[in-house]
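As a plain string of letters, each chain reads:
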Amino acid sequence: MVDEKALTKREFDLLRKFVYTNAGISLSDQKMALVQGRLSKRLRTLGMNSYKQYYDHLVSDDTGDELIHLIDAISTNVTSFFRERGQWEYLKIHIEDIFAKRSNSAFRIWSAGCSSGEEPYSIAMFLLENLPAVSVRQCKILATDISADILRRATSGRYVAKNVEPLPKNYVSKYFDRDRKSESYQIKAFVREMVLFRLFNLVYGNFSLFTNPFDMIFCRNVMIYFDTPTRDKLIAEFARVLPPGGLLFIGHSESLTRNNKLFRMIQPSIYERIG
Ligand SMILES: C[S@@+](CC[C@H](N)C(=O)[O-])C[C@H]1O[C@@H](n2cnc3c(N)ncnc32)[C@H](O)[C@@H]1O
């Protein structure tokens, strides 16, 4: 069993340097207790009894899987359907205009840091409800995350009752199949098919892979983990794939830094790419 006091400052520094170098996540000194608390469970699972042993395992793991376990342990995957209500209210008013001004024949939306899928599936349901005349084949939703584990859950589209039941009843019946035996809900295939899930690291990923521009990017409650230079770099990458008029949605507790000259704020947490 791991001694709760076993994480030394030196081990913490090694771990945080590794996390910053490989995922752009910056951990302040105040996060030491949190890292120790969250990681002790992972050490128990691996049958390890020191954080140095864990660090050695982490750096020698060429698959990158342990990094994902570490990120899952220290960050939060918390998400929900139709999170950030004000943004959906804004979209309800403007979605037809945004769709009309799209930059391709397809309407392209990116959910960057999509966690277990509630965000991209909310986008899909929103489009089905609010652009009823538009063919689903015209709407392409790309959903990416750094965690393969969380993407597996997202792709399955299966959710426990307490996450689905707050949705309006007509959404639940139209877009989910209920499994009474396991008390869970499964997103229907036609909604799942609107979303393409992919692994992508927002800090070290190759953005030149995105050759077609997006009309909207949702990157909500992800940048909270990044320091200012990392955020600025990410915003510049988003600006490259969002043509003028394209929209960027971030979390309500986040904001673009003062260095930003690429976007103008429409309302808190909603930004438009400047031409
Ligand atoms: C709190 S969740 C936010 C989910 C959703 N966007 C929302 O607002 O409900 C943050 C997500 O960001 C992902 N993440 C953290 N660092 C990342 C990185 N460097 N690249 C891609 N995704 C990352 C995490 O795996 C997690 O699923």
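Residues numbered from 1 in each chain as written. Predicted model: local features only at pLDDT ≥ 70, side-chain atom pairs only at ≥ 80, totals over all residues. Heavy atoms only, no water.

**Some remarks on the sheet that holds strand 6 (residues 195-199)**
Part 1: Pairing within the open sheet is mixed, and its seven strands lie in the order 6-2-1-7-8-10-9. Taken across any chain shown, the strands that pair with only one partner, and hence form the sheet edges, are strand 6 and strand 9 (263-267). Across the sheet, the axes of successive neighbouring strands diverge by a mean angle of 20 degrees, strand direction being ignored.
Part 2: Here four bridges tie strand 9 to strand 10 (residues 270-273), and the two strands are oriented antiparallel to one another. When the bridges of strand 10 are listed, Gln267 appears paired with Ile270. (Pairing = 2+ DSSP bridges. Helix = DSSP H or I, 4+ residues; strand = E, 2+ residues; numbered from the N terminus. Axes fitted to C-alpha atoms, helices over the stretch in contact; angles between N-to-C directions.)

**A few points about the domain arrangement of the protein**
Part 1: Splitting the protein by domain gives domain 1 (9-74) and domain 2 (85-273).
Part 2: For domain 1 versus domain 2, the distance between C-alpha centres works out to 29 Å.
Part 3: Between domain 1 and domain 2, the contact holds ten residues from the first and eleven residues from the second.
Part 4: Together domain 1 and domain 2 conceal approximately 840 Å² of surface at their shared face, both sides included; 52% is due to carbon and sulfur atoms.
Part 5: Of all residues in domain 1, Tyr20, Gly24 and Ile68 bury the most surface against domain 2, accounting for 39% of the area lost on that side.
Part 6: Connecting domain 1 to domain 2 are six residue pairs in polar contact (both at pLDDT 80 or more).
Part 7: Secondary-structure elements contributing two or more residues to the side of domain 1 that touches domain 2 are helix 1 (9-23) and helix 4 (65-74).
Part 8: Among the elements that take part in the side of domain 1 that touches domain 2, helix 1 stands out by supplying four residues, more than any other.
Part 9: Grouping the amino acids of the side of domain 1 that touches domain 2 by side-chain chemistry returns five nonpolar, four polar and one charged. (Domains from an automatic or database assignment. Contact = heavy atoms within 4.5 Å. Buried area = accessible area lost by both parts, 1.4 Å probe. Polar contact = N/O pair within 3.5 Å; in protein donor to acceptor, adjacent residues only side chain to side chain. Nonpolar A, V, L, I, M, F, W, Y, C, P; charged D, E, K, R; others polar.)

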